[in-house]
Amino acid sequence: MKKHLLKMLDLSKDNILEILNLADQMKYDLKNGISHRVLEGKTLAMIFQKSSTRTRVSFETGMYQLGGQALFLSDKDLQIGRGEPIEDTARVLGRYVNGIMIRTFEQEEVEALAEWSGVPVINGLTDFAHPCQVLADLMTIREQHSVLEGLKMTYIGDGNNMANSLIVGALKCGMKISVATPKGYEPHPDVLAFAKDFSTDFELTTDPSLSVIHSDVVVTDVWASMGQEGEAQKRVKDFAGFQINDNLMQAANKKAIVLHCLPAHRGEEITAEIFEKHADVIFDEAENRLHAQKAVMALLMAE
Ligand code: CP
Ligand code: NVA
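Residues numbered from 1 in each chain as written. Chains lettered and ligands numbered in written order. Predicted model: local features only at pLDDT ≥ 70, side-chain atom pairs only at ≥ 80, totals over all residues. Heavy atoms only, no water.

Asks: Would you mind showing me how to read the site of ligand 1 here?
Replies: S52, T53, R54, T55, R103, H130, Q133, C261, L262 and R289 make up every residue found near ligand 1. A distance of 2.8 Å separates an oxygen atom of ligand 1 from a polar side-chain atom of H130. Take C261: an N or O atom from its main chain is 2.9 Å from a nitrogen atom of ligand 1. Protein coverage of the free-state accessible area of ligand 1, which is 250 Å², stands at 95%. Partitioned by chemical class, the residues of the shell around ligand 1 number 2 nonpolar, 5 polar and 3 charged. (Near = heavy atom within 4 Å. Polar contact = N/O pair within 3.5 Å; in protein donor to acceptor, adjacent residues only side chain to side chain. Areas by Shrake-Rupley, 256 points an atom, 1.4 Å probe, with all protein chains shown as cover. Nonpolar A, V, L, I, M, F, W, Y, C, P; charged D, E, K, R; others polar.)

Asks: When you look at the packing of helix α5 (residues 131–145) against helix α12 (residues 279–301) in this model, what are you seeing that I'm missing?
Replies: Geometrically, a packed helix pair is captured by the angle between its two axes and the distance between the axes. Interaxial distance between α5 and α12 falls to 7 Å at its minimum, and their mutual angle equals 120°. Seen from above, α5 lies across α12 with right-handed handedness. Where α5 approaches α12, its residues C132, Q133, L135, A136, D137, M139, T140, E143 and Q144 are matched on the opposing element by V281, D284, E285, N288, R289, H291, A292, Q293 and V296. Within the contact of α5 with α12, the residues separate by chemical class into 7 nonpolar, 6 polar and 5 charged. (Axes fitted to C-alpha atoms, helices over the stretch in contact; angles between N-to-C directions. Helix = DSSP H or I, 4+ residues; strand = E, 2+ residues; numbered from the N terminus. Left-handed = near helix turned anticlockwise from the far one by under 90°. Contact = heavy atoms within 4.5 Å.)

Asks: For this particular structure, what's the right way to read the packing of α5 against helix α6 (residues 161–172)?
Replies: Two elements in contact, α5 and α6, have axes whose closest approach is 9 Å; the angle formed by their N-to-C orientations is 50°. Here α5 is positioned oblique relative to α6, judged by the angle of their axes. Read as a crossing pair, α5 and α6 show a hand that is right-handed. Side by side, α5 and α6 meet where P131, Q133, V134, D137 and L138 of the first sit next to M162, S165, L166 and G169 of the second. Taken together, the residues that form the contact of α5 with α6 break down as 5 nonpolar, 3 polar and 1 charged. (Parallel < 35°, antiparallel > 145°, perpendicular 65-115°, else oblique.)

Asks: What is the right way to read helix α2 (residues 54–65) from this model?
Replies: For an α-helix the count is 3.6 residues per turn, leaving residues at separations of three or four pointing the same way. Here α2 is 12 residues long and its end C-alpha atoms lie 16 Å apart, about the 16 Å a rise of 1.5 Å per residue gives. Among all positions in α2, only T55, S58, F59, G62 and M63 are buried. The buried residues of α2 occupy one face: seen down the axis, they fall within an arc of 125°. Contacts made by the buried residues of α2 are with β1 (43–48), β2 (69–74), β3 (99–103), β4 (121–123), α5 and α12. G67 occupies a position one or two residues after α2 and carries a positive phi of about 95°. (Expected span 1.5 Å × (residues − 1). Buried < 20%, exposed > 50% of the residue type's maximum accessible area, 1.4 Å probe, protein only. Arc of directions from axis to C-beta.)

Asks: Could you clarify how one ought to interpret the pairing of β2 in this entry?
Replies: When a strand is regular, its side chains alternate between the sheet's two faces. In the sheet, β1 pairs with β2 via 6 bridges, with the strands oriented parallel. Its bridge partner being in β2, T43 is matched across the sheet by Q69. Between the parallel elements β1 and β2, the chain passes through α2 in a crossover that is right-handed. (Pairing = 2+ DSSP bridges. Right-handed = clockwise from strand over helix to strand, strands pointing away.)

Asks: I tried to follow the site of ligand 2 on my own but got confused; where do I start?
Replies: Around ligand 2, the surrounding shell consists of L125, N160, N161, D221, V222, S225, M226, C261 and L262. N160 is positioned with one of its side-chain polar atoms (N or O) 3.3 Å from a nitrogen atom of ligand 2. A distance of 2.8 Å is found between an oxygen atom of ligand 2 and a side-chain nitrogen or oxygen belonging to N161. Surface burial for ligand 2 is 94%, taken as the share of its 270 Å² of free accessible area covered by protein chains. Residue composition of the shell around ligand 2, grouped by class: 5 nonpolar, 3 polar and 1 charged.

Shape descriptors only; they carry no functional weight alone.
Given below as structure tokens:
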């Protein structure tokens, strides 16, 4: 395992499978009363510069279940919010805690934290990447379809942090992935450069109905991410036709699952009908954040 979890691009297939296998074990053991107190006496600092329900609660609970404690630090309280450089914050926190999780805007900030803190850093979402969510997504897909290799994933919507991370995670695990975005909303150039080497397994299109054909896993995310609220109205217009609805799902495989990292905007990227039809798996996906992140923390932070 690597020293940090900053983005899917940094992980090998073996790294990903190691996390997923331990996550499965963590889930089984939690449900069977077997505890893993491998982080006894350890502290995780959690820096949040954006809102969160799942990430905050799953990291805090996960840390507690592993025998350690988590500190919730919002930018309203930290000196970061008043302009203290990330390099100084990193060097200070590194003297107190055993790991840092950060949710922020710039990927560079997370990379700097990793460079300067001297302790493992976990990306809890940036504008570029959401690796913790994608690990939970891969775990959920494997639970539902038993394998990853050879499956086809379709991502419909904004070429955002989720799209970037899903493309890399899926391709590294031997899946095919088709991504449908409106023109001008394509995934990050670094991710497209990575995907170029997987020519037959990767497709980028502006046609959702083409993208979804024979898909085993259909994924979407909000059209306006955190920090883009001012563009929400424009995006609703630009993303017309990029909704996961019953009509679109007809072209997917019969046993296709639908994933959404949440929060979901019913009536925008997904209809209420499709959301509720697939709700059991979507909430398994949310639950799996806990198990996947416990695996990540155990691998990065235990002795
Ligand atoms: N999916 C996800 O990261 O949710 P939160 O924003 O609630 O943490
Ligand atoms: N793309 C979304 C994901 C939220 C978990 C955002 O960044 O707001």
